[in-house]
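A closer look at the structure
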Amino acid sequence: MSKIIVRGGRTLKGTVRVHGAKNSVLPILAASLLAEQGSSVIHDVPALDDVTNILQVLAALGVYAQHQDDSVKLNAESLTSWEAPYELVRKMRASFLVMGPLLARVGKVRISLPGGCAIGTRPIDQHLKGFEAMGAEIGFGQGSIEATVNGKLRGARIYLDIASVGATENIMMAAATADGTTIIENAAKEPEIVDLANFLNAMGAKVRGAGTGIIRIEGVERLHAAEHQVIPDRVEAGTYMIAAAITGGDVYVDGAIRDHLGPIIAKLEEMGVQVECDENGIRVCALKPLRAVDVKTLPYPGFPTDMQAQMMTLLLVADGTSIVTETVFENRFMHVDELIKMGAEIKVDGRTAIVTGGTKLSGASVCATDLRAGAALICAALAADGNTEVGGLHHIERGYVNIVNKLAGLGAEIYRAPSPEDVIKESEKAALQPDNLMKQFEQRAAASAEVVIRNIQPTLA
Ligand SMILES: CC(=O)N[C@H]1[C@@H](OP(=O)(O)OP(=O)(O)OC[C@H]2O[C@@H](n3ccc(=O)[nH]c3=O)[C@H](O)[C@@H]2O)O[C@H](CO)[C@@H](O)[C@@H]1O
Ligand SMILES: C=C(OP(=O)(O)O)C(=O)O
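The structure displayed is predicted, hence computed values, not measured ones.

Some remarks on the site of ligand 2
Inspection of the region around ligand 2 gives Asn23, Arg93, Ala94, Asp306, Leu371, Arg372 and Gly399 as its neighbouring residues. Per-class residue counts for the shell around ligand 2 are two nonpolar, two polar and three charged. Counting contributing residues, the shell around ligand 2 receives three or more from each of domain 1 (3-18 + 232-417) and domain 2 (22-229).

Written as structure tokens, this is what we have:
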């Protein structure tokens, strides 16, 4: 198993750049399915496992994708399938975001039910309620959902029981080319919803009100390809802000957007961390002892659940006791047991964790149980005495581009120790690179030429 190894105690200093937002790029790539004409170009696409995965799902549906640096060009003019392969959907819940665009574009979709995962059961009833209200017929069988619509989807008024990010996105995409107007009430307000709406509008859609609780989508005849720059990742930015604060450091997070990080900034300031924002990024400086604060996760603009685990690690080094309440997912305290291995004092009671600050953290062998739990363990390791080995890297690599290099660039003592299987996988991957394939071909050609010459020479002699 590959591991990240951190020797704690270094103060982080310098500048770190934030990549494009995972949670924006996934629905935006799914939305590219809606373009009947031309090639969409998406900029600042982070090189994450989740991105590779959704691109594979799109490829299986007939989308032709080309990478250039951190941009991706996608042509969805000729779709070839309406079935998202089980093997790919199983790997990533967000694959479910192709359901809305496929229903709109092809009128038919088969996709496996996304399972629950470490952080909660994560049902999809609100997505399906929206599609049904728009005229789709939904059937279940053998772990899959099949949805069909007779003719076109129809605009509808849809009240979401929960302001679900994924359901809001899926319904927005389905509604973009529906007959008539769709109104989503109690819609999610996250910045990623606004980013998706901007992309859809650039494709010719008429989406109004994204970022508020009521989104109005006037269906248009068809959508075309568009160019779009993904917003910076607020969770990645927030994670580096916490990493800076937990080491008493001074870090400029290049690309972080103040308006997307309101609750993180507010909590850091309540704790006594100095935060300065300008139009290009956010500087975090934590020189004084930190104060304990209470944190409750809520849908945007509340404190993001995706920052709860990282924030909890910062509370461990503050003076006093803090209460952390998780209201979005029912099982998102999996990092607590791992933090306890590092000497943390945390008591969990249902959806509340009582965090005793000021206890000394020490290095241990721990494992990421989900993406943000992994980020939190790395933050804790930066502040701990001695070496920490963090396993479960496949979770972390879903959401952080080059986390090891970025932290090392800020002065952390951190490296990635690959497993023997990883070394083999890397050499297999390298062998498949076009340059290396050509070299292998040339080597084989030279070797066989040598054999031929050796075989021929005695005859000639
Ligand atoms: C790829 C992506 O963007 N992922 C983010 C998205 O996930 P995702 O879109 O899956 O999260 P949702 O907003 O849908 O989920 C919020 C809550 O609603 C519940 N729910 C959701 C849908 C539904 O049909 N029924 C239902 O009960 C979920 O179980 C959860 O308890 O928003 C979450 C909440 O900010 C973030 O943690 C994830 O990082
Ligand atoms: C929970 C997360 O992502 P996903 O919805 O893709 O599982 C996350 O980004 O923290």
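A few points about the site of ligand 1
Surveying the vicinity of ligand 1 reveals 20 residues, the closest of which are Asn23, Gln126, Ser164, Val165 and Gly166. Mapped onto the shell around ligand 1, the elements with two or more residues apiece are helix H1 (22-31), helix H5 (125-133) and helix H6 (165-175). The residue inventory of the shell around ligand 1, partitioned by class, reads ten nonpolar, seven polar and three charged. Residue assignment places the shell around ligand 1 across two domains, with domain 1 (3-18 + 232-417) and domain 2 (22-229) each supplying three or more.

A few points about the pairing of strand S18 (residues 274-278)
Relative to strand S19 (residues 281-285), S18 runs antiparallel, the two sharing five bridges. By the bridge assignment, Cys277 is partnered in S19 with Ile282. Where S18 hands over to S19, the hairpin turn is made up of two residues, counted between the paired strands.

What about the UniProt feature "binding site: phosphoenolpyruvate" (unreviewed entry) in the chain?
Annotation from UniProt places "binding site: phosphoenolpyruvate" (unreviewed entry) at Lys22 and Asn23. Residues contacting Lys22, with those up to four places away along its chain left out, are Pro46, Leu48, Asp50, Asp233 and Gly399. Note on placement: Asn23 falls in helix H1.

Quick word on the sheet that holds strand S9 (residues 137-141)
The sheet built from four strands is open, its strands ordered S7-S8-S10-S9 with mixed pairing. Looking at the sheet topology across the chains shown, the edges are occupied by strand S7 (83-84) and S9. Direction of pairing for S7 relative to strand S8 (residues 108-112): parallel, over a ladder of two bridges. Residue pairing in the sheet places Ala84 in a bridge with Ile111 of S8. Helix-sheet contacts for helix H4 (residues 99-106) involve S8 and strand S10 (144-148), and the interaxial angle to S8 is about 155 degrees.

Topic: the pairing of strand S12 (residues 181-185)
Residues of S12 alternate between two faces, with Thr182 and Ile184 buried on one and Thr181, Ile183 and Glu185 left unburied on the opposite face. In the sheet, strand S11 (residues 157-159) pairs with S12 via three bridges, with the strands oriented parallel. Its bridge partner lying in S12, Arg157 is registered against Ile183. A crossover links S11 with its parallel partner S12, the connecting element being H6, and its sense is right-handed. Relative to strand S14 (residues 214-218), S12 runs antiparallel, the two sharing five bridges. For Glu185, the partnering residue across the bridge sits in S14 and is Ile214.

Observations concerning the environment of Phe140
Checked against the element boundaries, Phe140 lands in strand S9. Judged by the 10 C-beta atoms lying within 10 Å of it, Phe140 is exposed. Spatially, the C-alpha atom of Phe140 lies 9.5 Å from that of Arg110, the residues being 30 residues apart in sequence.

Things to note about the packing of H1 against helix H7 (residues 191-202)
What describes two packed helices is the angle between their axes and the distance between those same axes. At their nearest, the axes of H1 and H7 sit 9 Å apart, and the two run at 30 degrees to each other. Considering the angle they form, H1 stands roughly parallel to H7. For the element pair H1 and H7, the recorded crossing hand is right-handed. Packed against H1, whose contacting residues are Asn23, Ser24, Pro27, Ile28 and Ala31, the element H7 presents Glu192, Asp195, Leu196, Phe199 and Leu200 at the interface.

Parameters at a glance
- Residues numbered from 1 in each chain as written.
- Chains lettered and ligands numbered in written order.
- Predicted model: local features only at pLDDT ≥ 70, side-chain atom pairs only at ≥ 80, totals over all residues.
- Near = placed C-beta within 6 Å.
- Nonpolar A, V, L, I, M, F, W, Y, C, P; charged D, E, K, R; others polar.
- Domains from an automatic or database assignment.
- Helix = DSSP H or I, 4+ residues; strand = E, 2+ residues; numbered from the N terminus.
- Pairing = 2+ DSSP bridges.
- UniProt positions renumbered as here; feature names shortened; annotations may be inferred.
- Contact = placed C-beta atoms within 7 Å.
- Axes fitted to C-alpha atoms, helices over the stretch in contact; angles between N-to-C directions.
- Buried ≥ 20, exposed ≤ 12 C-beta atoms within 10 Å, placed from the backbone.
- Right-handed = clockwise from strand over helix to strand, strands pointing away.
- Parallel < 35°, antiparallel > 145°, perpendicular 65-115°, else oblique.
- Left-handed = near helix turned anticlockwise from the far one by under 90°.

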